[in-house]
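Residue-level structural notes
Each chain, letter by letter, is given below.
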Amino acid sequence: MPNMETENSNISHAEELKVLANEAFKAHKYAQAIDLYTQAIELNGQNAVYWANRAFAHIKLEEYGSAIQDATKAIEVDPKYSKGYYRRGAAYLSMGKFKEALKDFQQVKKLCPNDPDATRKLRECEKAVLKLKFEEAIAAPESQRRSVADSIDYRSIGSGPSSSSVPMEVAIAAVAVAVVAAIMVMVRTAAATVVAMVVVVVLVVLGARWWGGCNGGFFQQDQIHDLEVEPQYSGARIEGDVVTLDFVKKMMDDFKNEKCLHKRFACQIVLQTREILRALPSLVDIIVPDGNHFTVCGDVHGQFYDLLNIFELNGLPSDENPYLFNGDFVDRGSFSLEVILTLFAFKCMSPSAIHLARGNHESKSMNKIYGFEGEVRSKLSETFVDLFAEVFCCLPLAHVINGKVFVVHGGLFSVDGVKLSDIRAIDRFCEPPEEGLMCELLWSDPQPYPGRGPSKRGVGLSFGADVTKRFLQENNLDLVVRSHEVKDEGYEIEHDGKLITVFSAPNYCDQMGNKGAFIRFEAPDLKPNIVTFSAVPHPQVMPMAYANNFLRMFS
């Protein structure tokens, strides 16, 4: 009898904790919600709701690996609990694992056949998988791919003959896409599926012909060579090859007033930045002379108006006021193009005034999901999507300040003994792999306990204070500075003061309520001076406005 009373008491208390956790979730206090759901699970681990709710909180914190684990546990507890599959599918979608997500949403539809929301999400997931298969089918072999950037000389833009013709294969492919879409939307029968697949085959063949005949000249497909700077264009202009401070100021002011930069000048900025970045090593050494200072910023994530606020608080980048932006310039925020063009323009103006590191969001897979690809396509053109992807592969992976401060976007490694020379030797000119040193530099996170553990994100790993201490000792370093994680105060000092996380996107995604931060180092002692700041207003364009439809459904 006492055991039953205790069990009933635990169940009752667990429900109380769930209510508190739900309230914390609604207040966007996701870490607190996770802690409360965890307490509820410890009292009653056989309630699938607790596991699924905690999975949802993990999703909000971008901890997709942990979300998949919790959702899987919810399914184990109750195989008929649809939200378990729903949460796991959402986590898989957020990681770009569309095929795995499709299986979960098919199960949701099976469990809830009359749920219109489940139907809508399943259809979006099916579209994503179909698009992925098509892209895989028409992709040229690696050996045959040619650089978009190498096919363009921005100095010649506007000098070529004008043409409005469209290759026949492209026109047929466009019609085929329309036919497939119409069939799939209007008639969802077995016969329609067969017809659609036949059209897809035709599309793949024609697409492959077109793709193979492009010879890398995507700018010609987008008619970039035919662009003229119209006489009525009143925006910022680059005179000749030199990007000046006056140009950058004018461009930022135009962006602030929601005006666009002409494609001609955007192209020049991106191509010039590529040339600068290609010449850099994968690990860049930065020297700050005695008496000088250096500023490190974390994730900006397309929050252009908060970037302007950083410059307002700390001054514009210059040789006397240098910056390092530590990755994740783009995605989620809907002014990512303005952010990246501003940072690239400063790099062109003075390469030593601003240093740029690659983050996990400077990659095709992330940009396709989280908005940058859609934003670039909307504001510039399809060609610029490919061009930015190439330039992101040129970004260095890490920096060392005065031989003492190691700065990287994500974190440390799954093995001991990694030396700075190993990082310098990484061939970074590619999309990030799913394992290895490059992956871990971009994706890993610190953990509060010793040793190493699985990544809460599902990529990279978690590492403890002992791992940080050994890495610093083996490389004669004093401090690790990294970004990659939203923090309530904009920063967090961990691992016995040997690791600092800095995050520079306040009120992340307009909902997290966090502060932003940046770190100023004064030479020679390089003592970190952390400055925090709050979010500033921005135009009424919501975060994720350019993200894929299926992801916006879960935002």
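Preceding this paragraph is the structure being described.
The model shown is predicted, which means the values in this text are computed figures rather than measured ones.

**Considerations on the overall build of the protein chain**
Per the secondary structure count, the protein chain includes 21 helices and 14 strands. Expressed as a percentage of the 555 residues in the protein chain, the buried residues total 53%. Put simply, 71% of the contacts in the protein chain that link residues at least 6 apart link residues at least 24 apart. Accessible area of the protein chain: about 24,500 Å², with a carbon and sulfur share of 53%.

**A few points about the sheet that holds strand E9 (residues 461-463)**
Judged by pairing direction, the sheet is mixed, and its 3 strands sit side by side in the order E7-E9-E8 without closing on themselves. Lying at the two open borders of the sheet, with one neighbouring strand each, are strand E7 (445-446) and strand E8 (452-454). Across 3 bridges, the pairing between E8 and E9 is antiparallel. Residue Pro454 lies in a different strand from E9, and its bridge partner there is Leu461.

**Concerning unusual backbone geometry**
Negative phi characterises most residues that are not glycine, and trans characterises most peptide bonds. Note that the residue after Ala523, namely Pro524, is joined by a cis bond; omega there is 15°. Within the element layout of this structure, Pro524 appears in the loop between strand E13 (516-522) and strand E14 (527-533). With a phi angle near 45°, Asn507 is a residue other than glycine that sits in the positive phi range. Its place among the elements puts Asn507 in the loop between strand E12 (499-502) and E13. Phi is positive for Leu526, which is not a glycine, with a value near 55°. Tracing the backbone through its elements, the reader meets Leu526 in the loop between E13 and E14.

**Some remarks on the sheet that holds strand E11 (residues 491-494)**
The strand order across the open sheet formed by 6 strands is E1-E5-E6-E10-E12-E11, and the pairing between neighbours is mixed. The sheet is open, and its two edges are formed by strand E1 (283-286) and E11, each paired on a single side. Each strand of the sheet is rotated relative to its neighbour by a mean of 20°, with strand direction disregarded. Strands strand E6 (405-408), strand E10 (479-482) and E12 of the sheet are contacted by helix H20 (residues 465-474), whose axis makes an angle of about 120° with E10.

**Quick word on the pattern of salt bridges**
Across all of its chains, the model carries 30 salt bridges by this definition. With a closest N to O distance of 2.7 Å, Asp117 and Lys121 form a salt bridge. In this pair, Asp117 and Lys121 both sit in helix H7 (residues 116-138), 4 residues apart, roughly one turn of the helix. Linking Arg377 and Glu382 is a salt bridge whose minimum nitrogen-to-oxygen distance equals 2.5 Å. When its relative accessible area of 33% is taken as the criterion, Arg377 is described as partly exposed. The class of Glu382 is partly exposed, set by a relative accessible area of 37%. Sharing partners across several salt bridges, the network here consists of Glu63, Asp445, Lys456, Arg457, Arg482, Glu485, Lys487 and Glu492.

Definitions and limits used
Residues numbered from 1 in each chain as written. Predicted model: local features only at pLDDT ≥ 70, side-chain atom pairs only at ≥ 80, totals over all residues. Heavy atoms only, no water. Helix = DSSP H or I, 4+ residues; strand = E, 2+ residues; numbered from the N terminus. Buried < 20%, exposed > 50% of the residue type's maximum accessible area, 1.4 Å probe, protein only. Contact = heavy atoms within 4.5 Å. Areas by Shrake-Rupley, 256 points an atom, 1.4 Å probe, with all protein chains shown as cover. Pairing = 2+ DSSP bridges. Axes fitted to C-alpha atoms, helices over the stretch in contact; angles between N-to-C directions. Salt bridge = Lys/Arg side-chain N within 4 Å of Asp/Glu carboxyl O.

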